[in-house]
Amino acid sequence: SFTQTCRIGVQDQAHDPTRIMMKVNITNQAGDHVYIPSSDNDDGDGDGGVFVTPVAGSCVYRDLVPVADAFHDLVADMSNAQDWEALTAKQILVSVITSHPAIHRCRQMTESYLGSSQALHTNDATSACLYDVHDPLWDTDPCCNDTLLWDTCCVPRPINITLDAFTGIEKNFGSFDIRTTCRDEGQATRVLQDYVQFSNAALSPFTGCVAEANKVADQQAYDELHAFIDECLYLVGIQLVTPPCTSDEDCYTYCDTALGTCAVALPNSDEPMVRCHTDRMQPSLRRYLIEAWSLAANITETQFKAEYLARLQTPNCVGTLLADSLVWKVDARTGLRTYLTTTAEKCLEREVCSYNVRLESPEECTEPYYCATCFGGLCVPSMYPPGCSIDAYTPDECERQGGEWFPDLSPYECILPSLASEEECLDGSVCPSSSYEEEPELWHKERCHASLCYTNDTRETCVNLLPADVCTNGNAVYKEWYPDWRSGSGLCEVLVPDEETCLGMEGASWWVGRVWLDGRFDNQEECEAGLCSTDAWADIDISPPDCNTSYACNTWVRQCQSTQIRQYCFSNTADSCTCILEGGKIDDLAGLCVHPLARRDCLSRNLTWAACEDLTEEQCADCRETEDTPPGPLCPVTHLGLGCMINVYAEPKTKETCEAGGVCSDSKDIFNFYSDDCSDTNFLPDYCFGACFTPFYVSDDGHGYCPRGLTKGLSGCFLYYAVSPSECSEYGPEFSWVTAAQTQQDCETRFPLLCYEGDSVLPTAKSQQECDLCSGTLRPVYRWSPGEWVQEEPQGYTWAKGNWTALNRWEPTLNFNILEKEVSSALSQQFALARQTQALCTYNPMLETLKRISCDCTKDGQNPTTCYPSDVSIVSVGVQRFCSGLSSGVRAGSISVTFNANTLAQGACTHVGIYIVAASQFQLTPKETLTAVTTHAAANPYTLIVNQYGVTVGQVLGDGARLTFDPPSSAPASPMVLCLSPHGNIAMSSEYVTFDFATTTDTYQAWVPANLKAWRNQEGALCANISMLLDNTYWPVARYDDWNNVRTNPPLFPGDVAGGYYFVGVLFILLGIASGVLLACACLLINRKVNLGKAITLLVMLFGVVRGLHLLLLPGGSLTSSPSSLAGFYLLSELPIFLFFSAYTTFVFFWAEVAHFMQKSTTFLRVMRVPYIVTNVLLYVMFILFISIFHSISPQAQPSLTLAYRLTIAICCIMVIAASVLFGGRVVYLQNKMMAAVDDTSKRRTLFWRMLGILLSCTCGLALQVAFLLNSAFNKGEVAPWVALLFYLLAELFPLAGLLYCVTPALMFKRFSSSLQSTTAKEGSTIVSGTSPLSHSSRNLLSATSQTSIEVEMEGSSDRTEHP
């Protein structure tokens, strides 16, 4: 654990007083400083500092650049981290530098241009922690709070998270409006749109840069990759507490089935440890070690294990480390003794005889070879040399008998060196002859093993001596004749209780029992053949191949046995005389008659046999009977001093005894190790099988642990210093005294079952439900091993050379300090790549954006050409190392790369750099044209894919991915999986239905489909198996299926929309034709004079024809703004606007003429004719000037001119609307006034609404024109095709049709002849007199609109000329 303290703002006077040193000081829990290797940007003191320049209070481009450079230096320096602590420190430094004020302020400014909203992030299933540590939900989520993993499973769960996300560029922030603050609005817009895409992708809680890095490079991942070291300590039996095992397959040594745990391999566990390490370490870690050690990439498993062992071994002392061979090392920093070691001199200074460490000099060590059980290089003697063993139970007794004590020769420890042959040992003057042996093949001759008292009596004199006063004096002598003794001559034994009594009798001698040892395993053949054994017992008397007929128990059992090896034959005769006469002796304390008989003789005489082996456990406890312990009520025989105790390690002699017993593996934990009374290996008091217990403490990572002072067991923590229940209770209520299990039920159910997840050796306390959720298995804490009567297996020994040698060996052993360092370094190198990718993916695109925006949009900014260089921007977003034989991947924002195990050539590795190439740099910018109204959708700017025929056949869907390989020759030859996410700001055209990847070279001039079978993954990214080409960039694309054979460009609009355009175009053509017909009729039937009506009709005709051609050519894509057809483009797309404007200005002039005529003003037409003509001429001159200027200025200035152009037309249109309303309103008013005299109300109302309708339709048509002009001027958004069609119909076609109807002479529609005759018949009428200044078309209009009123007025008036 580490605490971080940031010291920011320390001036560095030694380097540059104008710069600031930002430092991060890392200390551990003890307060010790953790050294951080210096980087190029560091000040060299190990504090991990980085130089930055003081910044002003706002975003300053010149201050941002050096901080961004420092960021890249720090990211590159991550690869130099040699351990987890150093990598953590460097990661903190990156976080510090990215929070620098220069970056923070520019980020604030950049993001002020953007809008944001709450975005919902949904994940189907994740086990990631998605809460802040201060969030209350963090405490209750086992995927966050690891301590909960002790009893709760972190189950992948669907999670919905709402976070702020950028929505795009906002345009209503005043001083933060991109249009007013940035010099190049187009480039700034493009860069900001990319920033939105990068930022939202990087900050995704499920697939963002931080989330992806944490999946592979957080503390939990480090612990998991590092776990194999601790796991192997369990699996080779070195850890005191190991997981349960049931067979040797569960261990890397062997399974001690009696205890159910892995056993340690003595004396050196390096080989199984290395085997465990290489099996259980992650393949990626193995690959990093191979590279770090410069090993051959195709190294074999055997070679790697050998290299692993050789590199991690250092010379050390192997064997029995005695206290005087150890040397304490002192930590120079703290002055504390921290660990101990030894030297070769100290290790080897103690010398012993290899087959008998008790021999004191080389002269005594004379055996050239010996039989031994060997563990690695350490051999323990396992031979019985020839010799005479006498009956002695202690070293003192042995010495008193003249023997030497050899504890390794149990049960024949006492050897008489003076008796060197069987004849000398088993003296024929006492012992039976060799023919007496019941089993003569045995190597230990026990025909004379019993100690006894004997006399020289013959068979006749070997009789009981029962004097007359025997009942009062107890001086009877009981004798028994053994005919086979004395080499078959017979021997008279005197039955006495001990040697002292024997030697007090006249003519009696005491024989000390002897066993002659022929020697066992004292030759090479017999040694290597070995013996027969089970896991628990070895039958020293049986050798292969007789094992197949020999059976024994596979475990030990609890059995009541005598600590004094005492057994008694007795009767209940209380009368002393009777007892003596029967050959017994009254035991005064027991009140029983005790007979000195063996079990068989005792039972044959119908006497009672008393032995501890025949007692139950309850009786055994009461028959302990020592000087300090009286017998209990359950003991059947008291005061005999049986000394009964339970021997938990008793060997069962029968199948029934074996199968009735068993052993619980808790004895490895539950034992009173520190009690003085519990040092014997056999007879132990009950409290020895107990211990002071407390449940596990839960570590931060959710595993059970035991604090210092407590010993970790399988079931919990043990305080062995408390040797009794009373002492245990003194440590608090959480401690309790537990005893070892005696039954299978007690063994397996006393403690809760533990959950083992996967191949983890560390259990947790999860319930059945929680364990199932984690795919774990519940197992009992301890295992009951029932007794089984099994066939014995051969067990051979080693025939070793005997010599005088060092007790220990100085040889290479696995050095865990080096192991930790090498593994930590390899993992740090691996994790550094993930953290570098995190930093680059999160911040590098952001910094590139900040530099461009601060360059373009701040007061101290640069020329836009400097801010947005012409060369392609390629931004590094990640790094990773891939090697053959490993399946691994990396994700950096929208790019995901996965190498399969066979992507690279065998043994090859490559360092991959991942770069993102923004697609926005290449979007097609349509050649800017001067248009007044945007009436159709612009072409997709990402349709970059063009085939050999020059036809656009596809589009780019997202940013490109460029990969570099170091060395270049390591580029993969086989496919890898590349996934690229589509860009959120790129719309997909519906006609492209096939997903693919396209490639571009360094020139980025042609996007060529790769014809890959691409698919979408569950996150929507486009994926494909690709064979990466050097210097190529890959792009996600959608294209035509048969893209390379398409020869013509598709229509601009889909079929239904194109049909709409064709239909409306035809209507416009028909309008033009109708206008032409009417114009021709007017000229032929009335006159050929030019007037306003004919001018309006002519303009409508021209407008209808030109607009109709425009709409008919537009859907097919043939109407373009290419230089060769530019004149036609403007003629068909822009000229109609001016024709429309001319038509309406003429109509306004028409309204004005009518209004003034009604007011008897005759000078208007003459006065306004010239301004009318000049206005229209200026319109067309302005049209030509705008087009000429537009195509002569820079593209950057063209949008401003377009805006001015549209505003100018809009203003003119507004003026026409105002004039139309003014003069048209007056006409309607005057007409209504004139019709007041008409009695026919319906005619008057009809005429009024007709005039008002004409006025409103013209006004609305002009208003729609203004709306579209203003929309095009201030909103660059495109108009949907159907909306454009409605515009053409409502704003152009219908108003012009109405206008045509309005100005068409009435005589062309109804009563042409009669009206003509009527009007010519009225003499003096100004309507037809030809003397009025009113134009012919105006008279026709007036005639059409006021026919009835005129006639009425003329009929009722005597002065007709007053009412024209």
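On a predicted model such as this, the values are computed, not experimentally measured, just so you know. (Residues numbered from 1 in each chain as written. Predicted model: local features only at pLDDT ≥ 70, side-chain atom pairs only at ≥ 80, totals over all residues. Heavy atoms only, no water.)

### Side note on the overall build of the chain
- Across its full length, the chain carries 36 helices and 59 strands.
- Put simply, the chain has 1364 residues, and 48% of those count as buried.
- For the chain, the share of sequence-separated contacts (at least 6 apart) that also reach a separation of at least 24 residues comes to 69%.
- Of the roughly 65,100 Å² of accessible surface on the chain, 54% is carried by carbon and sulfur atoms. (Helix = DSSP H or I, 4+ residues; strand = E, 2+ residues; numbered from the N terminus. Buried < 20%, exposed > 50% of the residue type's maximum accessible area, 1.4 Å probe, protein only. Contact = heavy atoms within 4.5 Å. Areas by Shrake-Rupley, 256 points an atom, 1.4 Å probe, with all protein chains shown as cover.)

### A look at a negative patch on the surface
- Together, D223, E224, D700 and D701 make up a region of like negative charge exposed at the surface.
- The residue D223 is located in helix α8 (residues 219–235) in this model.
- For D223, a relative accessible area of 34% puts it in the partly exposed group. (Patch = residues over 30% accessible without salt bridge, like charges linked within 9 Å, V, L, I, M, F, W, Y side chains within 5 Å. Salt bridge = Lys/Arg side-chain N within 4 Å of Asp/Glu carboxyl O. Lys, Arg positive; Asp, Glu negative; His and termini not counted. Charge placed at Lys NZ, Arg CZ, Asp CG, Glu CD.)

### Overview of the confidence of the model for the chain
- In the predicted model, the chain carries a mean pLDDT of 78, and the fraction of residues at 70 or more is 83%.
- Every residue in residues 33–48 is under pLDDT 50, and counting partners more than four places away or in other chains gives 48 contacts.
- Confidence drops under pLDDT 50 across residues 1306–1364; counting only partners more than four residues distant or on other chains, this segment forms 70 contacts. (pLDDT = per-residue confidence, 0-100.)

### A word on a nonpolar patch on the surface
- On the surface, I1173, V1177, V1181, L1185 and I1189 cluster together into a nonpolar patch covering about 410 Å² of accessible area.
- With respect to the helices and strands, the residue I1173 is situated in helix α31 (residues 1164–1190).
- Look at I1173 and you get partly exposed, because its relative accessible area is 45%.

### Focus: the side chain of D622
- Looking at where D622 falls in the secondary structure, it is placed in helix α20 (residues 617–622).
- Accessibility expressed as a relative area gives 16% for D622, which makes it buried.
- Not counting chain neighbours up to four residues away, the residues in contact with D622 comprise P631, G632, P633, L634 and C635.

### So, the sheet that holds strand β23 (residues 531–533)
- Pairing is antiparallel across the open sheet formed by three strands, whose spatial order is β24-β23-β43. Two strands close off the open sheet at either side, each with one partner strand: β24 (538–539) and β43 (793–795).
- As paired strands, β23 and β24 are joined by two bridges and run antiparallel to one another. By the bridge assignment, C532 is partnered in β24 with D539. (Pairing = 2+ DSSP bridges.)

### Remarks on unusual backbone geometry
- Here the amide bond leading from S410 into P411 is cis, since omega sits at 5°, within 30 degrees of zero.
- Within the secondary structure, P411 is located in the loop between β15 (404–405) and β16 (414–415).
- In this structure, P967 follows D966 across a cis peptide bond, with omega equal to 0°.
- Looking at the element boundaries, P967 is found in the loop between β53 (960–966) and β54 (976–980).
- The phi torsion at N606 lies on the positive side, around 60°, for a residue other than glycine.
- Relative to the helices and strands, N606 is located in the loop between α19 (599–604) and β30 (608–611).
- Judged by relative accessible area, N606 falls into the exposed class, the value being 72%.

### Concerning the packing of α8 against helix α9 (residues 270–280)
- Orientation of α8 relative to α9, taken along the N-to-C sense of each, is 135°, at an axis distance of 9 Å. Overall, the two elements α8 and α9 adopt an arrangement that is oblique. Classified by chirality, the crossing of α9 by α8 is right-handed. Of the residues in α9, those touching α8 at F228, I229, E231, C232, L233 and L235 are M273, C276, H277 and R280. (Axes fitted to C-alpha atoms, helices over the stretch in contact; angles between N-to-C directions. Parallel < 35°, antiparallel > 145°, perpendicular 65-115°, else oblique. Left-handed = near helix turned anticlockwise from the far one by under 90°.)

### Concerning the state of the cysteines
- Counted under the stated rule, the structure contains 28 disulfides.
- At a sulfur-sulfur separation of 2.0 Å, the disulfide partner of C59 is C106. Measuring handedness by torsion sign, the sulfur bridge of C59 and C106 sits at about 90° and is right-handed. With C59 in the loop between β3 (50–52) and α1 (61–77) and C106 in helix α3 (residues 101–112), this residue pair connects regions lying 47 residues apart in the sequence. For the residue pair C59 and C106, the accessibility class agrees, reading buried in each case.
- Here C706 pairs with C717 through a disulfide, and the sulfurs are 2.0 Å apart. Given an S-S torsion of about -95°, the disulfide between C706 and C717 has left-handed geometry. Here C706, found in the loop between β35 (704–705) and β36 (711–712), pairs with C717, found in strand β37 (residues 717–719); they are 11 residues apart in sequence, far enough to count as distant.
- Accessibility expressed as a relative area gives 15% for C706, which makes it buried.
- Considering cysteine sulfurs only, C1083 is the nearest to C1081, which forms no disulfide, with 9.4 Å between them. (Disulfide = S-S within 2.5 Å.)

### Structural notes on the packing of helix α11 (residues 301–312) against helix α25 (residues 816–857)
- Between α11 and α25, the shortest axis-to-axis distance is 9 Å and the interhelical angle comes to 115°. Here Y308, R311 and L312 of α11 lie close against α25, whose contacting residues are I818, L819 and E822.
- Its residues assigned to classes, the contact of α11 with α25 comprises four nonpolar, no polar and two charged. (Nonpolar A, V, L, I, M, F, W, Y, C, P; charged D, E, K, R; others polar.)

### Digging into the sheet that holds strand β28 (residues 585–587)
- Within the open sheet, the four strands sit side by side as β28-β29-β27-β30. Their pairing is antiparallel. Of all the strands in the sheet, the pair left with one neighbour each is β28 and β30. Strand after strand, the sheet turns through a mean of 45° between neighbouring axes, direction not considered.
- Sheet topology note: the strand β27 (residues 567–571)/strand β29 (residues 592–595) ladder contains three bridges and is antiparallel. Looking at the pairing, F570 lines up with V594 of β29.

### Let's talk about the packing of aromatic side chains
- A full pass over the atoms with the stated rule returns 35 aromatic pairs.
- Seen from their ring centres, F521 and Y797 are 5.1 Å apart, and the 65° between their planes marks the pair as edge-to-face. Highlighted residues: F521 in the loop between β22 (514–517) and α17 (524–529) and Y797 in the loop between β43 and β44 (798–801), separated in sequence by 276 residues. Each member of the pair, F521 as well as Y797, carries the same accessibility label: buried. (Phe/Tyr/Trp six-rings, centres within 6.5 Å; stacked < 30°, edge-to-face > 60°.)

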